[in-house]
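# Overview (structure and organization)
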Amino acid sequence: FFFYTVIANQYEKINKFDKAEEYYEKALAMNKRFPALVKHYCGLLLKLNKHDRMLEVIEGLKGREKEMFHYFSFKGRAFYHKKLYGDALDTLLQANKIYDSDTSVLNALGLTLIQLKEKEEAIKALEASLKINDNQLSIAEVLNKLKAEVKPGGKKTGKKKKKK
């Protein structure tokens with residue numbers, strides 16, 4: 001399985017994702033619980049938007065104490081992309097509780113909170129991410145747009161509709 005994992009990784013590096021996926025699957029058939037294999041393959045599946053398969057593969061880390069951050073991180077991001085925002089929030093919060101300085105988790109958490117209309121909390125998550133790495137232009141744009149929508153104290157800006 002290790003040989004297949006190395007080959008898959010090499011294919012991934014040269015953007016031959018179909019071949020990478022083929023070799024990750026061969027390796028996974030031999031050892032579904034090898035942490036490095038599971039994490040690398042989930043990274044590829046995330047990139048390829050294969051979130052259902054990612055949710056299956058990540059189960060190889062379930063119950064492994066040292067891998068729970070990655071388990072919750074990948075699972076939460078898959079839920080987010082599947083638009084299962086409640087599940088994404090619960091799972092990403094668990095990842096963030098284990099390690100609160102991962103920008104991919106903080107970004108996914110912020111974007112999830114936006115979908116759940118928790119804009120003030122989303123601002124906090126995105127600001128925390130940018131504090132760690134301020135070179136995230138798309139996240140900075142989302143944050144600036146969000147801040148423009150929310151007044152201090154959590155009130156939305158803009159005109160209120162008149163009640164009739």
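Criteria and cut-off values
- Throughout, residues of each chain are indexed from 1 in the direction in which the sequence is written.
- Totals for whole chains, interfaces and linings use all residues, but because this is a predicted model, local features are given only for residues with pLDDT of at least 70 and pairs of side-chain atoms are given and counted only at 80 or more.
- Only heavy atoms go into the side-chain values, all of them from the structure, while hydrogens and water stay out.
- Where helices and strands are cited, they refer to DSSP runs of H or I of at least four residues and of E of at least two residues respectively, numbered from the N terminus.
- Using a 1.4 Å probe on the protein chains alone, a residue whose accessible area is under 20% of its type maximum counts as buried, one over 50% counts as exposed, and one in between counts as partly exposed.
- In what follows, residue pairs with any heavy atoms lying within 4.5 Å of each other are defined as contacts.
- Residue exposure ignores everything except the shown protein chains as possible cover, and the areas themselves are Shrake-Rupley values with a 1.4 Å probe.
- His is not counted, nor are the chain ends, whereas Lys and Arg count as positive and Asp and Glu as negative.
- Charge placement uses NZ in Lys and CZ in Arg. For Asp and Glu, CG and CD serve respectively.
- Aromatic pairing here means that ring centres of Phe, Tyr or Trp (its six-membered ring) are within 6.5 Å. Orientation follows from the plane angle: under 30 degrees is stacked, over 60 is edge-to-face, and everything else is tilted.
- Note on definitions: salt bridges are taken to be side-chain nitrogens of Lys or Arg within 4 Å of carboxyl oxygens of Asp or Glu.
- Definition used in this section: a nonpolar core is a set of buried Ala, Val, Leu, Ile, Met, Phe, Trp, Tyr and Cys residues joined via side-chain atoms within 4.5 Å.
- By definition, pLDDT measures how confident the predictor is in each residue, and it falls between 0 and 100.
- In a helix, the anticipated span is given by 1.5 Å times the number of residues less one.
- The reported arc concerns the directions from the helix axis to the C-beta atoms and nothing else.

### Things to note about the overall build of the chain
- For the chain, the count of helices and strands is nine helices and zero strands.
- Each helix and strand of the chain, ordered N terminal to C terminal, gives the series α-α-α-α-α-α-α-α-α.
- A buried classification covers 41% of the 164 residues belonging to the chain.
- Sequence-distant contacts, at least 24 apart, represent 43% of the contacts inside the chain between residues at least 6 apart.
- For the chain, the computed accessible surface area is about 10200 Å², with 53% contributed by carbon and sulfur atoms.
- Across the chain, the 33 positively charged side chains and the 21 negatively charged ones have centroids separated by 7 Å.

### Some thoughts on the environment of Phe 34
- Considering the arrangement of structural elements, one finds Phe 34 in the loop between helix 2 (17-30) and helix 3 (35-47).
- Judged by relative accessible area, Phe 34 falls into the partly exposed class, the value being 27%.
- It is 32 Å that separates the C-alpha atoms of Phe 34 and Leu 113, two residues lying 79 residues apart in sequence.

### As for the packing of aromatic side chains
- All chains considered together, the criterion is met by eight aromatic pairs.
- On the basis of an interplanar angle of 70° and a centroid distance of 4.9 Å, the ring pair of Phe 1 and Phe 34 is categorised as edge-to-face. Of this pair, Phe 1 sits in the segment before helix 1 (2-13) while Phe 34 sits in the loop between helix 2 and helix 3, placing them 33 residues apart in sequence.
- Note on Phe 3 and Tyr 4: the rings are 6.1 Å apart at their centroids and 50° apart in plane angle, and the pair reads as tilted.
- Owing to a relative accessible area of 59%, Phe 3 belongs among the exposed residues under this scheme.
- Tyr 4 sits in the partly exposed class, given a relative accessible area of 26%.

### Examining the pattern of salt bridges
- Tallied over the entire structure, the rule returns 13 salt bridges.
- Between Lys 26 and Glu 22 there is a salt bridge, with its nearest N and O atoms 3.7 Å apart. Of this pair, Lys 26 and Glu 22 both sit in helix 2, four residues apart, which is roughly one turn of the helix.
- Looking at Lys 26, the relative accessible area reads 33%, which means it is partly exposed.
- Between Lys 62 and Glu 59 there is a salt bridge, with the nearest N and O atoms lying 4.0 Å from each other.
- Residue class for Lys 62 comes out partly exposed when judged on its relative accessible area of 48%.
- Under the relative-accessibility criterion, Glu 59 is labelled partly exposed at 28%.

### Some details on the nonpolar core
- Membership of the largest hydrophobic core comes to 46 residues, with the highest contact counts inside it found for Tyr 24, Val 38, Tyr 41, Cys 42, Met 54, Val 57 and Ile 58.
- The dominant element in this core, judged by the number of residues it contributes, is helix 5 (residues 68-81), at eight residues.
- For Tyr 41, the residues in contact, after removing those within four places along its chain, are Glu 21, Tyr 24, Glu 25, Leu 28, Arg 53 and Val 57.

### Notes on the confidence of the model for the chain
- A residue-level look at the chain finds 92% of positions with pLDDT of 70 or above and a mean pLDDT of 93.
- Contacts for the low-pLDDT stretch residues 157-164, under 50 throughout, to residues beyond four places or in other chains number four contacts.

### Quick word on helix 9 (residues 137-149)
- For helix 9, built from 13 residues, the straight-helix expectation of 18 Å at 1.5 Å per residue is met to within 8% by its first-to-last C-alpha distance of 19 Å.
- For helix 9, the full list of buried residues reads Ile 139, Leu 143 and Leu 146. Along the axis of helix 9, the buried positions cluster into a sector of 65°, meaning they face one direction only. Along helix 9, exposed side chains directed more than 90 degrees from the buried face belong to Leu 137, Ser 138, Glu 141, Asn 144, Lys 145 and Ala 148.

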